[in-house]
Amino acid sequence: QVQLVESGGGLVQAGGSLRLSCAASGNIFSINTMAWYRQAPGKQRELVAVITSSGRTNYADSLRGRFTISRDNAKNTVYLQMNSLKPEDTAVYYCNVVLSGPSIMMYWGKGTLVTVSS
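These lines cover the structure that appears in this document, whether it is placed above or below. Just so it is clear, the structure is predicted and the values come from calculations on it, not from any experiment.

### Here we look at the pairing of strand S3 (residues 18–26)
- Taken together, the six bridges between strand S1 (residues 2–7) and S3 define a ladder with antiparallel strand orientation. Its bridge partner lying in S3, Val 5 is registered against Ala 23.
- Across six bridges, the pairing between S3 and strand S8 (residues 77–82) is antiparallel. Residue Ser 21 lies in a different strand from S8, and its bridge partner there is Tyr 79.

### Concerning unusual backbone geometry
- In this model, Asn 76 sits at a positive phi of 50°, which is unusual for a non-glycine residue.
- Inspection of the secondary structure assignment puts Asn 76 in the loop between strand S7 (67–72) and S8.
- Since its relative accessible area comes to 24%, Asn 76 is described here as partly exposed.
- We note that Ser 84 has phi near 50°; this positive angle belongs to a residue other than glycine.
- By the secondary structure assignment, Ser 84 is in the loop between S8 and strand S9 (91–99).

Cut-offs used in this document
Residues numbered from 1 in each chain as written. Predicted model: local features only at pLDDT ≥ 70, side-chain atom pairs only at ≥ 80, totals over all residues. Heavy atoms only, no water. Pairing = 2+ DSSP bridges. Helix = DSSP H or I, 4+ residues; strand = E, 2+ residues; numbered from the N terminus. Buried < 20%, exposed > 50% of the residue type's maximum accessible area, 1.4 Å probe, protein only.

Put into structure tokens, the structure is as follows:
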């Protein structure tokens, strides 16, 4: 079993910044991709950003330039730096990790709430 623990969510004013963290622990053989998703009230969960094991990144087009994903492989941790936050960024942000090993498994964190006030 693998556990993902997100942290760093909270309340910020529009234009502010926030940094999310997600630490993976447990029965880890190898981490393939790490990603952040978000789900706003009344909307579907959407991809925010993905980072591969080699460090390549992809972002939702609307977030490119404001959000930055990174990872610390030694700590099995992925980060999301969020700048120039807007009220429409308000959502629960979820960490997602895909493991590669004896079997390929996907895990989700419980989510951390980000609220951006106007």
